[in-house]
Amino acid sequence: MSCYLIALAKEKKLTHNNLKNQTWAEESIIESSHLDVGVVKCVSCGQLFIYCFREYTSPDWEDDMWTFWIPATPEDIEEVKKNIDVLSGFIEELVNKRSHICWGPNNKVSWVEGGCDWSSLIFS
Ligand SMILES: [Zn+2]
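Residues numbered from 1 in each chain as written. Predicted model: local features only at pLDDT ≥ 70, side-chain atom pairs only at ≥ 80, totals over all residues.

Side note on the overall build of the chain
What counts here: Each helix is a run of DSSP H or I of at least 4 residues and each strand a run of E of at least 2, with the numbering of both proceeding from the N terminus. Using C-alpha atoms as the atom set, the radius of gyration is obtained and then compared with a globule rule of 2.2 Å times the number of residues to the power 0.38. The burial label depends on the number of other C-beta atoms within 10 Å of a residue's C-beta. Counts of 20 or more mean buried, 12 or fewer mean exposed, and intermediate counts mean partly exposed, with C-beta atoms placed from the backbone. A pair of residues counts as a contact when their C-beta atoms, built from backbone coordinates, are within 7 Å of each other.
Along its length, the chain carries 5 helices and 6 strands. The linear arrangement of helices and strands in the chain, starting from the amino end, is α-α-β-β-β-β-α-α-β-β-α. Radius of gyration (C-alpha) of the chain: 14 Å, near the 14 Å computed for a compact globule of 124 residues. Seen through its C-alpha atoms, the chain measures out along the principal axes to roughly 40 × 30 × 25 Å. In the chain, which comprises 124 residues, the proportion classed as buried is 26%. Residue pairs at least 24 apart in sequence account for 45% of intrachain contacts in the chain once pairs closer than 6 positions are excluded.

Some remarks on helix α4 (residues 87–97)
Put simply, the test is: The directions considered for the arc are those from the helix axis to the C-beta atoms.
Burial in α4 covers these residues: Ile91, Leu94 and Val95. Around the axis of α4, the buried residues are gathered within 95° of arc, so they sit on the same side. Next to the buried residues of α4 lie β2 (35–42), β3 (48–57), β4 (63–72), β5 (100–103) and α5 (119–123).

Some points on the sheet that holds strand β6 (residues 109–112)
This is how the line gets drawn: Any two strands between which DSSP finds at least two bridges are classified as paired. The axes used here are C-alpha line fits, helices contributing only the stretch in contact, and every angle between their N-to-C directions lies in the interval 0 to 180 degrees.
Spatially, the 6 strands line up as an open sheet ordered β1-β2-β3-β4-β5-β6, and their pairing is antiparallel. With one partner strand each, in any of the chains shown, β1 (23–31) and β6 form the two edges of the open sheet. Averaged over neighbouring strand pairs, the angle between their axes works out to 25° when direction is ignored. Relative to β3, β2 runs antiparallel, the two sharing 7 bridges. When the bridges of β3 are listed, Leu35 appears paired with Arg54.

Remarks on the nonpolar core
What counts, and what does not: Nonpolar core, as used here: buried Ala, Val, Leu, Ile, Met, Phe, Trp, Tyr and Cys residues forming one set through C-beta atoms within 7 Å.
Ranked by internal contacts, the top residues of the largest apolar core, which has 27 residues, are Phe49, Ile50, Tyr51, Trp69 and Ile70. Among the secondary structure elements, those contributing two or more residues to this core are α1 (4–10), β2, β3, β4, α4, β5 and α5. It is β3 that provides the largest number of residues to this core, a total of 5 residues. Sequence-distant contacts of Tyr51, that is, excluding residues within four places in its chain, are made with Val37, Gly38, Val39, Val40 and Trp69.

If you want it as structure tokens, here you go:
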């Protein structure tokens, strides 16, 4: 993958503004009060990402906002659509296993190599 957004994320130089201004929203797959999933595309190279916004309310009623951009192929996106009935669990798996860009409640944008093993916490 040669997308400069991914390269910037790996160098810890990617900002939320980069992502906002340099990706197109291609498609919305689901929009709900606590989970949005869609497809965005890098404006300059066309790299596709599965976009996921998750609002997670912790047991002590803190609202945490998480956004994930998972580099994806058109086949990956078809798989997401096939799993629309179990989307939260399907996205949890993707975030768990796949390298991705994460914008978390600490307001930092980071590259998560190989996925994060705690994704079940916020998608449960
Ligand atoms: Zn790109």
